[in-house]
Amino acid sequence: MTDLREAFLRHLAPTSQQPLLLNIVSARDIFLFDASGKAYVDLISGISVSHLGHGNPAVLAAINQQLQQHLHVMVYGEYLLAPQVRYAMRLAALLPRSLQTVYFTNSGSEAVEGAMKLAKRFTGRTEIVSFYRCYHGSTQGALSILGDESLRNAFRPLIPGCHLLPYNDISGLEHIGPQTAAVFVEPVQAEAGVIAGTESFLQALRRRCTQTGALLVFDECQTGMGRTGHLFCFQRYEIVPDVLILAKALGGGLPLGAFVSGYEQMQTLSVRPALGHITTFGGHPLSCAAGLAALEFLLNNRLIEEVKAKSQFFVSQLNHPLIREVRAEGLLMAVDLGDETICRRAVQACLEQGLAVDWFLFAPHCIRLAPPLTITGEQIAEVCRRMLTALHAVQSG
Ligand code: PMP
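Note that the coordinates shown come from a computational prediction; the quantities given were computed from them, not determined experimentally.

Visitor: I'm lost on helix α10 (residues 285–300) in this one. Help?
Guide: An α-helical segment advances 3.6 residues per turn. Residues three or four places apart therefore align on the same side. The end-to-end C-alpha distance of α10, which contains 16 residues, comes to 22 Å, matching closely the 22 Å that a straight helix rising 1.5 Å per residue would cover. Within α10, the full set of buried residues consists of P285, L286, S287, C288, A289, A290, G291, L292, A293, A294, L295 and L298. Where α10 is buried, its residues touch α3 (57–69), α4 (82–94), β4 (101–105) and α11 (303–317). In the segment just after α10, R302 is the residue with positive phi, at about 50°.

Visitor: Can you help me understand the pairing of strand β11 (residues 243–246) in this one?
Guide: The two faces of the sheet receive side chains in turn, since in a regular strand these alternate between them. Covered by surrounding structure in β11 are V243 and I245 together with L244 and L246, the residues of both alternating faces. Pairing analysis gives three bridges linking strand β10 (residues 215–219) to β11, with the strands arranged parallel. Bridging from a neighbouring strand, V217 pairs with V243 of β11. Pairing analysis gives three bridges linking β11 to strand β12 (residues 257–261), with the strands arranged antiparallel. From the neighbouring strand, L246 faces β12, where its bridge partner is A258.

Visitor: Any chance you could explain unusual backbone geometry here in plain terms?
Guide: One can expect most non-glycine residues to show negative phi and most peptide bonds to be in trans. Each neighbour pair has its own omega, and for R156 with P157 the value is 5°, a cis peptide bond. Mapping P157 onto the fold places it in the loop between α7 (149–152) and β6 (162–165). The omega torsion of the bond from R272 to P273 falls at 0°, within 30 degrees of zero and hence cis. Counting through the fold element by element, P273 comes out in the loop between α9 (263–267) and α10. In this model, R133 sits at a positive phi of 70°, which is unusual for a non-glycine residue.

Visitor: Would you take a moment to explain the sheet that holds strand β5 (residues 127–131) for this structure?
Guide: Strand pairing in a sheet takes place through backbone hydrogen bonds and is either antiparallel or parallel in direction. Pairing in this open sheet of seven strands is mixed, and the strands run β4-β12-β11-β10-β7-β5-β6 from one edge to the other. Single-partner strands in this sheet number two, and they are β4 and β6. Taking the axes of each pair of neighbouring strands and ignoring which way they run, one obtains an average angle of 20° across the sheet. The sheet contact formed by β5 and β6 spans four bridges and is parallel. Paired with F131 across the strands is L165, a residue of β6.

Visitor: Looking at this structure, I do not really get the sheet that holds strand β15 (residues 355–356). What am I missing?
Guide: If you trace the four strands from one edge of the open sheet to the other, you get β1-β2-β3-β15, paired in mixed fashion. Each end of this open sheet is capped by a strand with a single partner; those strands are β1 (24–28) and β15. Examined bridge by bridge, strand β3 (residues 39–42) and β15 share two bridges and lie parallel to one another. Pairing of V41 across the sheet is with L355, part of β15.

Visitor: Please explain the packing of aromatic side chains as it appears in this structure.
Guide: Here a ring pair, both rings aromatic, is described through the centre-centre distance and the interplanar angle of the planes. The full count for this structure, using the stated rule, is eight aromatic pairs. Between the aromatic rings of F131 and Y167, the centroid separation amounts to 6.1 Å while the plane-to-plane angle is 65°, which identifies the pairing as edge-to-face. A residue pair is termed long-range when its members are at least 10 positions apart, and F131 in strand β5 and Y167 in the loop between β6 and β7 (180–185) qualify at 36 residues. Measuring from centroid to centroid gives 5.4 Å for F131 and F201, while their planes differ by 80°, and the two rings are edge-to-face. Highlighted residues: F131 in strand β5 and F201 in helix α8 (residues 199–212), separated in sequence by 70 residues. In this structure an aromatic cluster arises from ring pairing among Y76, Y103 and F259.

Visitor: Just to check I follow, could you spell out the pattern of salt bridges for this structure?
Guide: As a working rule, side chains carrying opposite charge can pair if their charged atoms are close by. Going through the model one piece at a time under the given rule, you end up with 14 salt bridges. Here E6 makes a salt bridge to R5, at a shortest N to O gap of 3.8 Å. A salt bridge links E305 to R302; the nearest nitrogen and oxygen atoms lie 2.8 Å apart. Given the relative accessible area of 56%, E305 is considered exposed. Overlapping salt bridges bring together E149, R152 and R156 as one network.

Visitor: Even after reading the chapter, I still don't get the domain arrangement of the chain, so can you show me in this structure?
Guide: One widely used convention gives an interface's size as the accessible area the parts lose upon coming together. When cut into domains, the chain gives domain 1 (4–56 + 303–396) and domain 2 (58–300). Spacing between the C-alpha centres of domain 1 and domain 2 amounts to 26 Å. Here domain 1 and domain 2 share an interface that buries about 2700 Å² over both sides, 64% of which is from carbon and sulfur atoms. Of all residues in domain 1, N56, I304 and F362 give up the largest surface area on contact with domain 2, accounting jointly for 29% of the area buried on that side.

Visitor: Is there a simple way to explain the packing of helix α12 (residues 340–352) against helix α13 (residues 377–396) in this structure?
Guide: Packed helix pairs are specified by the crossing angle of their axes together with the interaxial distance, meaning the distance between the axes. The N-to-C vectors of α12 and α13 enclose an angle of 130°; their axes lie 9 Å apart at closest approach. As far as their axial angle goes, α13 and α12 are oblique. Here α12 and α13 pass one another in a crossing that is right-handed. Touching I342, R345, A346, A349 and C350 of α12 are M387, A390, L391 and V394, all from α13. Of the residues contributing to the contact of α12 with α13, the split by class is eight nonpolar, no polar and one charged.

Cut-off values and rules
- Residues numbered from 1 in each chain as written.
- Predicted model: local features only at pLDDT ≥ 70, side-chain atom pairs only at ≥ 80, totals over all residues.
- Heavy atoms only, no water.
- Helix = DSSP H or I, 4+ residues; strand = E, 2+ residues; numbered from the N terminus.
- Expected span 1.5 Å × (residues − 1).
- Buried < 20%, exposed > 50% of the residue type's maximum accessible area, 1.4 Å probe, protein only.
- Contact = heavy atoms within 4.5 Å.
- Pairing = 2+ DSSP bridges.
- Axes fitted to C-alpha atoms, helices over the stretch in contact; angles between N-to-C directions.
- Phe/Tyr/Trp six-rings, centres within 6.5 Å; stacked < 30°, edge-to-face > 60°.
- Salt bridge = Lys/Arg side-chain N within 4 Å of Asp/Glu carboxyl O.
- Domains from an automatic or database assignment.
- Buried area = accessible area lost by both parts, 1.4 Å probe.
- Parallel < 35°, antiparallel > 145°, perpendicular 65-115°, else oblique.
- Left-handed = near helix turned anticlockwise from the far one by under 90°.
- Nonpolar A, V, L, I, M, F, W, Y, C, P; charged D, E, K, R; others polar.

Below, the structure written as structure tokens:
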């Protein structure tokens, strides 16, 4: 048989020159297993996707059941597909009255694209504001509002009228004005290395958007579905965005994104022009069935209520001379080592210890920790013990 590694390198388009190349053949609970049988604790959840771990029986049963009914039957938005309707209704029941209409997409990036179009269409304005070091996806609209020049410079020209402001700086908000269609913000900037928006900043942003008529768009691709200790992170700030973007854990391990807004706002994508946003696979029945089952499991097992204590336990255990700081927003955590080379070596040492970790797009000096929310206290203790062993090896090596 062709060597899988060679075939991967030859036939799959690369995204970097240094892929991790773990050969994962199965996954259960919080563990990934490679071809040699070695187990890795999944501490990144496929980048904040597998919040229930792997192979959750309730999610698998929902997928199986939908599998027997049908797979794809029609492009999004034409047929009454029960899995989509049920999931949208459930989300609406958990959301404030101004966020009741869901547009399901394939991915987070597509949801961002849809939200950008919705904002332009609803407000009749063209300018979009976002924040330095934000990440909203890799498509050209999402790249246009990305907060890092190095990732997007090579792809110019991008969408005009996109402006970056400093995060957590209230004085910058005066640049949001009558020409601003929308302001995109992550309540916690994940890829910047887990930098939380302050309450005063996000509340001032809400006020400024209301004042100027710009739509406030919360990108909760990483922070949504319980990751930070609330079902949606915006709930913690006691403000409500005009548009909510979800993805990652939304599909219970299958691809699914969504932008959620008010009924009135969402009608604008259906007229002048009709079909203002079209997607073939968005809201795939299998993804919606899996996502709904995952959400019910999350709520029925009160997993979100345990997030804060689990997060605090991680922080209390991670003491080492190489660690400058651990920034934790629930189970979205950055172990700041202050140095990129040390961090790369630490990630490698963690892998050797059977811990699957990673770094962040804009914080290569920090180890990313975003384990399944199902991780137990005992497992956290063991993970931290192994991480400290890995850091000792880096320090002495
Ligand atoms: N927004 C945020 C905050 C994200 O973290 C991501 C993915 N890392 C995206 C948008 C894009 O999602 P996707 O990769 O599904 O397109």
